[in-house]
Amino acid sequence: MSPLHSSSSLSGERREGYIVARAPLRYTAILVLSFLPFVSGCDQQVAFDKLVPKEEAAFAEHYLQQLVAGDLDAVEAHLDPRLMTPRIRSELAVLAESFPKTNPKSVTLVGSHTAAREKSWQGQFTFQYEYPEYWLLAGVAMHRRGSELVIDGVNVERTVESVENRHRFSLLGQTWRHYGVLIAVLTIFLFVLYSLGECLRGPDVEHRWFLAALILLGFGTVEFNWTTGTFHIVPLQALFFGVGFQKLLYAAPIVKIGVPVGAIGFKMLRYAQRFSK
């Protein structure tokens, strides 16, 4: 497959290089630490570092260093043979030229995504290069062939802000969709809270604590990506109080809205009891 030039990017800025891959690359802003959504940033960094495969991540970083240095022979040596076309050298040169000649202020691993099966392993790593006036996101996709790591693709993207800043949670300058989601979150939370109070304080509520536990649960989650403004449905996820918030390291904030089926069921039960009297 011949290399593909792309003028789009994750942040809406013009991409400074080429995608060189045998299949579309998926870049993630974080290794998903779904069990650590509410811990501090420092603790998340520690967990992130522990879960990142050290050997493969170091190989990816070293590979990018060779690209930055313009050592295209070494870069080509690790490419999948199916990528070796007559144009590959010139396209790799374009990627190398995306990097300034000056040293970056910092290089940070901001993305790690791996998939291991019985006899195969694939990984994608994204590094953030900080320069005085802009940032570069450089991604490397690879797989294992025996004990050898083989490069499937390289991507370089120029951005005007860091990953951390791009994915910050802010209420200023958002769209009507963002504020609508917040209104829905507040409405559901207050509805669940009111239903819970009615359940616990009502004089004639049978199976009070069982119903209270059900009221707290929401099902059928809609996740709203605060950075991109897009929705994602997770039908088999439960939420306490019917709402949730997740901000993982280097990732976009996710606001979660669930259908408060417990609270709705309780209110329907109460109405049925009143009409039956």
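Our structure's up above, just so we're on the same page.
Only a predicted model underlies this, so the values are computations on that prediction, with no experimental measurement involved.

Enquirer: Just to check I follow, could you spell out the sheet that holds strand β7 (residues 217–225) for this structure?
Expert: In sheet architecture, strand pairing relies on hydrogen bonds along the backbone and comes in two forms, parallel and antiparallel. In space, the four strands of this open sheet follow the order β8-β7-β10-β9, with antiparallel pairing throughout. Two strands close off the open sheet at either side, each with one partner strand: β8 (231–240) and β9 (243–246). Between one strand and the next, the sheet's axes are offset by a mean angle of 30 degrees, whatever the strand orientation. With respect to the sheet, helix α6 (residues 176–201) is in contact with β7, β8, β9 and β10 (254–259), its orientation differing from that of β10 by roughly 45 degrees.

Enquirer: Looking at this structure, I do not really get the pairing of β7. What am I missing?
Expert: In regular strands, side chains alternate between the two faces of the sheet. The pairing of β7 with β8 spans seven bridges and is classified as antiparallel. Pairing of Leu217 across the sheet is with Phe240, part of β8. Here β7 hands over to β8 after five residues, with Gly229 in that stretch at a positive phi of 75 degrees. Bridge analysis of β7 against β10 gives five bridges, and the strand direction is antiparallel. Its bridge partner being in β10, Val222 is matched across the sheet by Ile257.

Enquirer: Just checking my understanding: could you explain unusual backbone geometry for this structure?
Expert: For residues that are not glycine, phi is negative in most cases, and the peptide bond is trans in most cases. Here His207, not a glycine, exhibits a phi torsion of approximately 50 degrees, which is positive. By the secondary structure assignment, His207 is in the loop between α6 and α7 (208–215). For Phe241, which is not glycine, the phi torsion reads 60 degrees and is therefore positive. Counting through the fold element by element, Phe241 comes out in the loop between β8 and β9.

Enquirer: So what exactly am I meant to see when it comes to the packing of aromatic side chains here?
Expert: Aromatic ring pairs are reported here in terms of the distance separating the ring centres and the angle at which the planes meet. Enumeration according to the criterion identifies eight aromatic pairs in this entry. Relative to Tyr129, the ring of Phe99 lies with its centre 5.2 Å away and its plane at 70 degrees, an arrangement referred to as edge-to-face. Taken together, the residues Phe99 in the loop between α4 (88–97) and β3 (106–116) and Tyr129 in strand β4 (residues 121–130) connect sequence positions 30 residues apart. Like Phe99, the residue Tyr129 is buried in the burial classification.

Calculation notes
Residues numbered from 1 in each chain as written. Predicted model: local features only at pLDDT ≥ 70, side-chain atom pairs only at ≥ 80, totals over all residues. Heavy atoms only, no water. Pairing = 2+ DSSP bridges. Helix = DSSP H or I, 4+ residues; strand = E, 2+ residues; numbered from the N terminus. Axes fitted to C-alpha atoms, helices over the stretch in contact; angles between N-to-C directions. Contact = heavy atoms within 4.5 Å. Phe/Tyr/Trp six-rings, centres within 6.5 Å; stacked < 30°, edge-to-face > 60°. Buried < 20%, exposed > 50% of the residue type's maximum accessible area, 1.4 Å probe, protein only.

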